[in-house]
Amino acid sequence: MKIKEINSDIESRMKDFEKIRIKLKADIKKAEAKKTASGKEGKGLFKSISEFFSDTPKATAQQNVKK
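So, how was this worked out
- Residues numbered from 1 in each chain as written.
- Predicted model: local features only at pLDDT ≥ 70, side-chain atom pairs only at ≥ 80, totals over all residues.
- Heavy atoms only, no water.
- Helix = DSSP H or I, 4+ residues; strand = E, 2+ residues; numbered from the N terminus.
- Buried < 20%, exposed > 50% of the residue type's maximum accessible area, 1.4 Å probe, protein only.
- Areas by Shrake-Rupley, 256 points an atom, 1.4 Å probe, with all protein chains shown as cover.
- Salt bridge = Lys/Arg side-chain N within 4 Å of Asp/Glu carboxyl O.
- Expected span 1.5 Å × (residues − 1).

(A) Quick look at the overall build of the protein chain. Scanning the protein chain from N- to C-terminus turns up two helices and zero strands. Expressed as a percentage of the 67 residues in the protein chain, the buried residues total 0%. Counting every atom, the protein chain has about 7,200 Å² of accessible surface; 60% of that belongs to carbon and sulfur.

Following this line, the structure appears as structure tokens:
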């Protein structure tokens, strides 16, 4: 490949990256706006997963057993 082709490829990838970065920032702002509008604070993925595994299952404690 020629240096000119490589530079062109890098520039196009940088432009694509910038578009993705701007879109991601806009999505984050929308999510924050929804969170503040609803009045609830999000837990976060790690906290949700850790709470799921730390809670004792309630459905298994009350099983219907037919005799």
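Having put the structure on the table, let's press on.
(B) Inspection of the pattern of salt bridges at higher detail. Per the stated rule, a full pass over the model turns up two salt bridges. Between Glu18 and Arg21 there is a salt bridge, and its shortest N-O distance comes to 2.6 Å. In this pair, Glu18 and Arg21 both sit in helix α1 (residues 3-38), three residues apart, roughly one turn of the helix. Among the residues examined, Glu18 registers a relative accessible area of 32% and is labelled partly exposed.

(C) Here's a closer look at α1. An ideal rise of 1.5 Å per residue puts 52 Å on 36 residues; α1 measures up with 52 Å between its terminal C-alpha atoms. Among the 36 residues in α1, zero count as buried, and that is only a small part of the element.

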